[in-house]
Amino acid sequence: MKGRWIVNILMFFLLIGGGIYALTINDKAPKKSTKYEISNHKLSDFNEVNINFPGRAKTSFKLSKNGWKMVAPYQTRADEFYVYRILSLLAAKSSEKLSANDLGKYGLDQPRLKITFSSPTLNEEFLFGTYNPITEDQYLFYNGNVFIINGGYSETASYQPLELIDKKPIASYEEIEGFDFSRLEQWQAVGLKLAVKKNTWRASGENLIITQEDMRDWFELTWDGIPSKSLEFYKLDPRIGHKSFDILLKGNKKITFYRIQESPELLLLRKDENLLYHFPGDLGFTMLNPNISKKEEK
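Draft legend 1. Spotlight on the overall build of the protein chain. Scanning the protein chain for helices and strands turns up six helices and 21 strands. Per-residue burial for the protein chain yields a buried fraction of 39% across its 298 residues. Counting only contacts in the protein chain whose residues sit at least 6 apart along the sequence, the fraction spanning at least 24 positions is 55%. Accessible surface, the protein chain as shown: approximately 18,000 Å² in total, 51% of it carbon and sulfur.

Below is the structure:
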């Protein structure tokens, strides 16, 4: 009788311990969060993006065979990084899906921003309202519903059009095959011209010496996809007589750059785009002065 009583006591404590353990495990179990997909479209469904702010000219992008182009308010290469950040709105998710009965409650009756994604068969419009004062997320109206999304989407779209232009002086689809620096003062005497094929460099000019490692390092540091720190549209005054040089591209194409200023920063005008690229002075010096030496005369 006594032994059975002891067994019952032990079973009681085991049950209590098991219950506490189960509660602890349940407390630690991750809670499933509900996320609502805003759109079921893919980025590849669209080939045109339009950004509309009240009181500002429309900014528009269009997909071409060479990537995204800005078509308004300027016609030039677009910074594709920013364009895809805007397009990523299509893949965004929201923590809430709200009724659209009172759009004024969310500032969506007079939207702060409108983004439209288009294709020959689609035209999807997203309206941005006020910010949530607690989370600083933003209200979004799309396809008859109100969502809450990160405010970074409208922040990217609100950049000035100049900030959405590709800051690289050479486009990603333009393959460099050579440089003609012979018109610059420091290279006129030797007539420096450079050619590259399959990552092998050759210099033509008077008694010049190059090393492949130095040339590869120079190219990677300067012209191989390096962006400028800023840019602007610029009209060349031919009366001033700025020095120029050429970059030779695959397909027998040539781009002419004018050196508008050398110090304290290098300003290069790409003539075919009328865009002036700003580079820091130290980088700018290196861009126009590859590590090349002259043979010693015997």
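Draft legend 2. Local environment of the pairing of strand E20 (residues 275-280). Counting buried residues in E20 gives five out of six residues, a clear majority hidden from the surface. Bridge count between strand E16 (residues 230-233) and E20: four bridges; the pairing is antiparallel. Bridged to Glu232 within E20 is Leu276. Note that strand E19 (residues 265-270) and E20 share six bridges and pair antiparallel. Within the sheet, the bridge partner assigned to Leu269 lies in E20 and is Leu276.

Draft legend 3. Inspection of a negative patch on the surface at higher detail. On the surface, Glu213, Asp217, Glu220 and Asp224 cluster together into a negatively charged patch. Relative to the elements of secondary structure, Glu220 occurs in helix H5 (residues 212-221).

Draft legend 4. Looking closely at the packing of aromatic side chains. Under the counting rule described, the total for this entry stands at 19 aromatic pairs. Taken together, the ring pairs in this structure connect Phe179, Phe181, Trp201, Trp218, Phe219, Trp223, Phe245 and Phe257 into an aromatic cluster.

Draft legend 5. Here's a closer look at the confidence of the model for the protein chain. Summing up the model confidence of the protein chain, the mean pLDDT is 88 and the portion of residues at 70 or higher is 88%. Between residues 1-15, whose pLDDT stays under 50, and residues either more than four places distant or in other chains, the model counts zero contacts. Within the model, pLDDT remains below 50 along residues 17-31, and this stretch shows zero contacts once partners closer than five positions in the same chain are excluded.

Draft legend 6. Examining the environment of Lys294 more closely. For Lys294, the location among the structural elements is in strand E21 (residues 293-294). Under the relative-accessibility criterion, Lys294 is labelled partly exposed at 41%. Taking the C-alpha atoms as reference points, Lys294 and Glu206, 88 residues apart in sequence, are found 7.8 Å from one another. Not counting chain neighbours up to four residues away, the residues in contact with Lys294 comprise Val190, Glu206, Asn207 and Ile209.

Draft legend 7. Inspection of the sheet that holds strand E17 (residues 244-249) at higher detail. One open sheet holds the eight strands; their spatial order is E14-E13-E12-E17-E18-E19-E20-E16, and the pairing between them is antiparallel. Edge positions in the sheet fall to strand E14 (200-204) and E16, since each of these pairs with one other strand and no more. When the angles between neighbouring strand axes are averaged without regard to direction, this sheet yields 25°. Here H5 sits on the sheet in contact with strand E12 (176-180), strand E13 (193-197) and E14, set at roughly 100° to E14.

Draft legend 8. Quick peek at a nonpolar patch on the surface. A surface patch of nonpolar side chains, about 240 Å² in accessible area, is lined by Leu43, Leu63 and Tyr84. By secondary structure assignment, the location of Leu43 is in the loop between strand E1 (36-37) and strand E2 (48-52).

The rules we used
- Residues numbered from 1 in each chain as written.
- Predicted model: local features only at pLDDT ≥ 70, side-chain atom pairs only at ≥ 80, totals over all residues.
- Heavy atoms only, no water.
- Helix = DSSP H or I, 4+ residues; strand = E, 2+ residues; numbered from the N terminus.
- Buried < 20%, exposed > 50% of the residue type's maximum accessible area, 1.4 Å probe, protein only.
- Contact = heavy atoms within 4.5 Å.
- Areas by Shrake-Rupley, 256 points an atom, 1.4 Å probe, with all protein chains shown as cover.
- Pairing = 2+ DSSP bridges.
- Patch = residues over 30% accessible without salt bridge, like charges linked within 9 Å, V, L, I, M, F, W, Y side chains within 5 Å.
- Salt bridge = Lys/Arg side-chain N within 4 Å of Asp/Glu carboxyl O.
- Lys, Arg positive; Asp, Glu negative; His and termini not counted.
- Charge placed at Lys NZ, Arg CZ, Asp CG, Glu CD.
- Phe/Tyr/Trp six-rings, centres within 6.5 Å; stacked < 30°, edge-to-face > 60°.
- pLDDT = per-residue confidence, 0-100.
- Axes fitted to C-alpha atoms, helices over the stretch in contact; angles between N-to-C directions.

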